[in-house]
Amino acid sequence: MRFDIITIFPGLLAGIFEHGVIKRAVAGGIVEVKAHDLRDFTHDRHRTVDDRPFGGGEGMVLKPEPIAAALESVGATPKDQRDPQRESVILLSAQGKKFTQGTARELARLERVILLCGRYEGVDERVNDLFADRELSIGDYVLSGGELGAAVIVDATMRLLPGVLGNEASSQFESFGLSNAEIAKTEGESSDDSLQPSGVAPSSSYGAGGLLDYPHYTRPVEFRGLTVPEILTGGDHLKISHWRREQALEKTRRNRPDLLQTAELSDRDREFLASLDEG
Ligand code: SAM
């Protein structure tokens, strides 16, 4: 999969892709990530990328011409000929639809993604109309530029690609993971048995199914007066699975109760949640 990021600050992104799983994925040829300097696509002596807004008001706006030239240079397919199953041009914007794990899963099915980073007051709206397939926001706050958003999208998407994480099941059984029904849908598409719904927890986890992940512990058993929950050191895997599920439910209820509306819940889960409500 290939990511191209168009920005006026390519240097901002330089180090981000040189660590951890992204670095390994790039070295292994699974993903290619390139940042392009928008100023390279200007034709004036000052390498001008912005101009004053029509209608007056604060700040400057990124001009459409350099962005059009940058897209052409990286070989983006014209919008009306683009195959949405293979390629997407994304405009980073606080006014966009919210980027979620679901969006990352959609993008991970594509062959290439091109990310346009705004700056100043934003980007001439015609860029959105003429070139972008999606306008995405990474959250309800305003950043000074789209670069961090682009890095978030690249990171969250590429770790879902086959071969990027050491254990394929990790990305299925984590916060915002797929429900068993959704995993079953991908059954035909995956040859990895560890991804199949079996009703049995994978070795390190318990399917999140739209919940947040459960809490994790490692050595030492005791740290500053807090001891690892005894159940985790007892060796009873069924009890551990149940405990983890309950912890995931409790944490989701505490931090993100909105997710309980759409999570896949069993009768046992509902009983447990009801017991929390009573307590
Ligand atoms: N005037 C814009 C508004 O109020 O929506 C904010 C512009 S912001 C200072 C400059 C650029 O940062 C945007 O064009 C966009 O590319 C990026 N940006 C800001 N907030 C973002 C967010 N939440 N998600 C993604 N990109 C964002």
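Regarding the overall build of the protein
- Broken down by element type, the protein carries ten helices and nine strands.
- A principal-axis box enclosing the C-alpha atoms of the protein has dimensions of 70 × 40 × 40 Å.
- For the protein, the proportion of its 279 residues judged to be buried stands at 29%.
- In the protein, the share of contacts with a sequence separation of at least 24, taken over all contacts with a separation of at least 6, comes to 76%.

Notes on the site of the ligand
- Residues in close proximity to the ligand total 20 residues, the closest being Leu-92, Ala-94, Gly-118, Gly-146 and Gly-149.
- Per-element accounting of the shell around the ligand gives the leading share, four residues, to strand 5 (residues 87-98).

Concerning the confidence of the model for the protein
- The share of residues in the protein with pLDDT of 70 or more is 91%, and the mean pLDDT across the chain is 91.
- Low pLDDT (under 50) marks residues 190-205, which in the prediction has 19 contacts with non-local residues, meaning those over four places away or in another chain.

Considerations on the nonpolar core
- Membership of the largest hydrophobic core comes to 46 residues, with the highest contact counts inside it found for Ile-6, Ile-90, Leu-115 and Leu-116.
- At six residues, helix 6 (residues 147-158) tops the list of elements feeding residues into this core.
- Setting aside anything within four residues of it in sequence, one finds Leu-116 in contact with Ile-6, Ile-67, Val-89, Ile-90, Leu-91, Leu-92, Val-123, Val-127, Ala-132 and Gly-146.
- Counting eight residues, the second-largest nonpolar core is a separate cluster that includes Phe-173, Ala-208, Leu-212 and Ala-248.

Re the domain arrangement of the protein
- Domains assigned within the protein are domain 1 (2-158) and domain 2 (169-278).
- Once you take the C-alpha centre of each, domain 1 and domain 2 turn out to be 34 Å apart.

Examining the sheet that holds strand 6 (residues 112-116)
- Within the open sheet, the five strands sit side by side as 2-1-6-5-7. Their pairing is parallel. This sheet does not close on itself; its edge strands, each paired only once, are strand 2 (32-37) and strand 7 (134-137). Between one strand axis and the next, the sheet turns through 30 degrees on average, direction left out of account.
- As judged from the six bridges shared by strand 1 (residues 2-7) and strand 2, these two strands associate in the parallel manner. Within strand 2, the position partnered with Asp-4 by the bridge is Lys-34.

Observations regarding helix 6
- For helix 6, which comprises twelve residues, the first-to-last C-alpha distance of 16 Å matches the rise-based estimate of 16 Å (1.5 Å per residue) to within 8%.
- In terms of burial, helix 6 is largely enclosed, as nine of its twelve residues are buried.

Details of the environment of Thr-77
- Considering the arrangement of structural elements, one finds Thr-77 in the loop between helix 3 (64-73) and strand 5.
- What makes Thr-77 partly exposed here is the crowd of 14 C-beta atoms within 10 Å.
- Sequence-wise, Thr-77 and Val-89 are twelve residues apart; in three dimensions their C-alpha atoms are separated by 9.3 Å.
- Non-local contacts of Thr-77, meaning those with residues more than four positions away in its chain, are made with Arg-82 and Glu-87.

Section: the pairing of strand 1
- For strand 1, the tally of buried residues reaches five of six residues, placing the bulk of the element in the interior.
- Note: strand 1 against strand 6, five bridges, orientation parallel. Residue Ile-5 lies in a different strand from strand 6, and its bridge partner there is Leu-115.

A short note on the pairing of strand 5
- Pairing of strand 5 with strand 6, which is carried by five bridges, proceeds in the parallel orientation. Counterpart to Ile-90 in the pairing with strand 6 is Leu-115.
- Between strand 5 and its parallel partner strand 6, the chain crosses via helix 4 (residues 101-107), and the hand of that crossover is right-handed.
- With five bridges connecting them, strand 5 and strand 7 associate as parallel partners. Note that in strand 7 the partner of Leu-92 across the bridge is Leu-136.

Here's the deal with unusual backbone geometry
- Of the consecutive residues Arg-219 and Pro-220, the connecting peptide bond is found in the cis state with omega at 5 degrees.
- Secondary-structure assignment places Pro-220 in the loop between helix 7 (180-185) and strand 8 (222-223).
- Its identity as a non-glycine residue notwithstanding, Tyr-120 has a phi of 55 degrees, on the positive side.
- Positionally, Tyr-120 belongs in the loop between strand 6 and helix 5 (125-130).
- The backbone phi angle of Phe-176 is positive, close to 65 degrees, even though this residue is not glycine.
- You can see Phe-176 is positioned in the loop between helix 6 and helix 7.
- Take Phe-176: there are 20 C-beta atoms within 10 Å of it, and that puts it in the buried class.

Cut-offs applied
Residues numbered from 1 in each chain as written. Predicted model: local features only at pLDDT ≥ 70, side-chain atom pairs only at ≥ 80, totals over all residues. Helix = DSSP H or I, 4+ residues; strand = E, 2+ residues; numbered from the N terminus. Buried ≥ 20, exposed ≤ 12 C-beta atoms within 10 Å, placed from the backbone. Contact = placed C-beta atoms within 7 Å. Near = placed C-beta within 6 Å. pLDDT = per-residue confidence, 0-100. Core = buried A, V, L, I, M, F, W, Y, C linked by C-beta atoms within 7 Å. Domains from an automatic or database assignment. Pairing = 2+ DSSP bridges. Axes fitted to C-alpha atoms, helices over the stretch in contact; angles between N-to-C directions. Expected span 1.5 Å × (residues − 1). Right-handed = clockwise from strand over helix to strand, strands pointing away.

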